[in-house]
Amino acid sequence: MLRTLLLTGAAGGIGKALRPLLKDIAETVVLSDIEDITELAAHERFHACELSDAAAVRTLVEGVDGIIHLGGISVERPFELILRGNIVGAYNLFEAARNTGRPRIIFASSNHVIGYYRRDQNLDNAVIPRPDTLYGVSKAFGENVASYYADKFGQECLSVRIGSCLPEPANPRMLATWLAVEDFAELCARAFAAPRIGHTIVYGMSANDETWWDNRNAAFLGWQPKHTSAKWRAKVLAAAPPEDPDSREVIFQGGGFVNLDHPG
Ligand code: NAI
Ligand code: 15L
């Protein structure tokens, strides 16, 4: 059990769903975001912080024993926003951790780091990135910062290439990419409890019937997802229009992100 866990991006979709599950991981959870969070459980407190403000991030990180870093831009946006939230933000967080006792970090990376691989390719965690968006590029930057800080300073980190962490899969693609928040919480618990993680990359998906991803190189974590998208299969397929197998969003792992306009 950690004494104090920091959760950035706590006002977002995953943050809200994850909060109740964190009381099994830490005695106190510090919630952080640029949006205010006013309703707090007994074990939670709130600390507003803009991730691009290095001094503020340093103060935020001081004294915590572990970090789940969800904060930042979570979809494709103009570069200035991505630069602030995901690139400067990730750098500030790792720099603050390095200078304040090196609390272990779980970094919310994304499947959009590898979105330009095809769905008929099975990927392990050693493949080179093929980002599908500037957003994916920024997540690859975060993974690289994590790798550098692990090698140079011994700052440990689990980069989780999250698939689709929503209450339930919303389209046929998500039958492969869906991650139950309970499985994510269990992964975080394993990462904090493991004797050593260095910098490890893991794909964040539940025990779905289809998958394009192979987590064998991270098997030492002992993470075995318990949930599956299979229970929504019939509902998802009934609601979805027929898929065109020749469309780019069906060919590539990143789905609709590969069709987004470049925001330049
Ligand atoms: P979200 O967009 O709902 O939440 C992100 C939170 O970060 C928001 O509450 C926002 O206010 C905060 N934030 C944004 N810019 C900030 C800044 N400059 N300083 C401080 N806080 C800032 O995203 P969601 O869905 O909860 O995802 C959480 C993380 O997981 C994100 O980093 C996202 O990229 C990643 N992820 C999520 C996936 C999903 O399926 N939901 C899939 C892959 C990755
Ligand atoms: C992500 O990285 C996004 O944050 C989220 O909004 C989903 O679209 C997810 O990937 C996905 O690929 O389904």
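It should be noted that the structure appears before, not after, this text.
Figured I'd write up the structure that's included with this text. Note that the structure is predicted; figures quoted are calculated from it, not measured.

Side note on the side chain of T177
Then, number 1: Following the sequence through the fold, T177 ends up in helix α5 (residues 174-177).
Then, number 2: The residues touching T177, leaving out its near neighbours within four places in the chain, are G163, S164, G204, M205, N208, W212 and W213.

Comments concerning the nonpolar core
Then, number 1: Formed by 35 residues in total, the largest nonpolar core has its most connected members in L5, L7, L18, I68, L158 and F184.
Then, number 2: Counting residues per element, the ones that place at least two in this core are β1 (2-8), α1 (13-18), β2 (26-31), β5 (104-110), β6 (157-162) and α6 (181-193).
Then, number 3: Counting residues per element, this core draws most heavily on α6, which supplies seven residues.
Then, number 4: Leaving out residues up to four positions away in the same chain, L7 has contacts with G15, L18, R19, L22, V29, V30, L31, S32, I68 and L70.

Focus on the packing of aromatic side chains
Then, number 1: In total, this model carries nine aromatic pairs according to the counting rule given.
Then, number 2: Aromatic pair Y116 and F252: ring centres 5.1 Å apart, planes at 80°, arrangement edge-to-face. Taken as a pair, Y116 in the loop between β5 and α4 (134-153) and F252 in the segment after α8 (248-251) lie far apart in primary sequence, 136 residues in all.
Then, number 3: Assessed through its relative accessible area of 16%, F252 is described here as buried.
Then, number 4: By way of ring pairs, the aromatic residues F94, Y148, Y149 and F153 are connected into one cluster.
Then, number 5: For R98, the ring lying beneath its charged end belongs to F153, and the centroid distance is 4.5 Å.
Then, number 6: Taking NZ or CZ as reference, R130 lies 5.1 Å from the ring centre of Y117, over its face.

Points about the site of ligand 1
Then, number 1: Around ligand 1 sit 25 residues, and of these I14, D33, S74, Y135 and C165 come closest.
Then, number 2: Separating an oxygen atom of ligand 1 from a side-chain N or O atom of D33 is a distance of 2.6 Å.
Then, number 3: For ligand 1, an oxygen atom lies 2.8 Å from a polar atom in the side chain of K139.
Then, number 4: With the chains in place, 85% of the 820 Å² that ligand 1 exposes on its own is no longer accessible.
Then, number 5: Of all the secondary structure elements, the ones that give two or more residues to the shell around ligand 1 are α1, β5 and α4.
Then, number 6: Sort the elements by how many residues they give to the shell around ligand 1 and β5 lands first, with three residues.
Then, number 7: Of the residues in the shell around ligand 1, the class split is eleven nonpolar, eleven polar and three charged.

Here we look at a negative patch on the surface
Then, number 1: A cluster of acidic residues, E243, D244, D246 and E249, forms a negative patch at the surface.
Then, number 2: When you line up the elements, E243 lands in the loop between α7 (233-239) and α8.

Concerning the sheet that holds β2
Then, number 1: Within the open sheet, the seven strands sit side by side as β3-β2-β1-β4-β5-β6-β7. Their pairing is parallel. The open sheet has two edge strands, β3 (44-46) and β7 (199-204), and neither has a second partner. This sheet shows a mean twist of 20° between the axes of neighbouring strands, independent of strand direction.
Then, number 2: As judged from the four bridges shared by β1 and strand β4 (residues 66-69), these two strands associate in the parallel manner.

Section: the site of ligand 2
Then, number 1: The environment of ligand 2 is made up of S74, V75, S110, N111, H112, Y135, G163, S164, R173, M174 and F257.
Then, number 2: Between an oxygen atom of ligand 2 and a main-chain N or O atom of S74, the distance comes to 2.5 Å.
Then, number 3: Here an oxygen atom of ligand 2 sits 2.6 Å away from a polar atom, N or O, in the side chain of S164.
Then, number 4: Isolated, ligand 2 exposes 320 Å² of accessible area, and the fraction of that covered by the protein chains is 77%.

Here we look at the pattern of salt bridges
Then, number 1: For the structure on display, the rule yields eleven salt bridges.
Then, number 2: Put simply, R58 and E62 hold a salt bridge, and the shortest N to O gap is 3.6 Å.
Then, number 3: Of the charged contacts, one joins D214 and R216 as a salt bridge, the two residues approaching to 2.7 Å between their closest N and O atoms.
Then, number 4: Overall, D214 belongs to the buried group, its relative accessible area being 15%.

Let's talk about the packing of helix α3 (residues 79-98) against α4
Then, number 1: Closest axis-to-axis distance for the α3/α4 pair is 10 Å, and the angle between their directions is 15°. The orientation of α3 relative to α4 falls into the category roughly parallel. Judged by the sense of rotation from one axis to the other, the crossing of α3 with α4 is right-handed. Here F79, I82, N86, I87, A90, Y91, F94, E95 and R98 of α3 lie close against α4, whose contacting residues are L134, Y135, S138, K139, F141, G142, V145, A146, Y149 and F153.
Then, number 2: Here the residues of the contact of α3 with α4 are counted per class, giving 13 nonpolar, three polar and three charged.

What counts as what
Residues numbered from 1 in each chain as written. Chains lettered and ligands numbered in written order. Predicted model: local features only at pLDDT ≥ 70, side-chain atom pairs only at ≥ 80, totals over all residues. Heavy atoms only, no water. Helix = DSSP H or I, 4+ residues; strand = E, 2+ residues; numbered from the N terminus. Contact = heavy atoms within 4.5 Å. Core = buried A, V, L, I, M, F, W, Y, C linked by side-chain atoms within 4.5 Å. Buried < 20%, exposed > 50% of the residue type's maximum accessible area, 1.4 Å probe, protein only. Phe/Tyr/Trp six-rings, centres within 6.5 Å; stacked < 30°, edge-to-face > 60°. Lys NZ or Arg CZ within 6 Å of the ring centre and 35° of its normal. Near = heavy atom within 4 Å. Polar contact = N/O pair within 3.5 Å; in protein donor to acceptor, adjacent residues only side chain to side chain. Areas by Shrake-Rupley, 256 points an atom, 1.4 Å probe, with all protein chains shown as cover. Nonpolar A, V, L, I, M, F, W, Y, C, P; charged D, E, K, R; others polar. Patch = residues over 30% accessible without salt bridge, like charges linked within 9 Å, V, L, I, M, F, W, Y side chains within 5 Å. Salt bridge = Lys/Arg side-chain N within 4 Å of Asp/Glu carboxyl O. Lys, Arg positive; Asp, Glu negative; His and termini not counted. Charge placed at Lys NZ, Arg CZ, Asp CG, Glu CD. Pairing = 2+ DSSP bridges. Axes fitted to C-alpha atoms, helices over the stretch in contact; angles between N-to-C directions. Parallel < 35°, antiparallel > 145°, perpendicular 65-115°, else oblique. Left-handed = near helix turned anticlockwise from the far one by under 90°.

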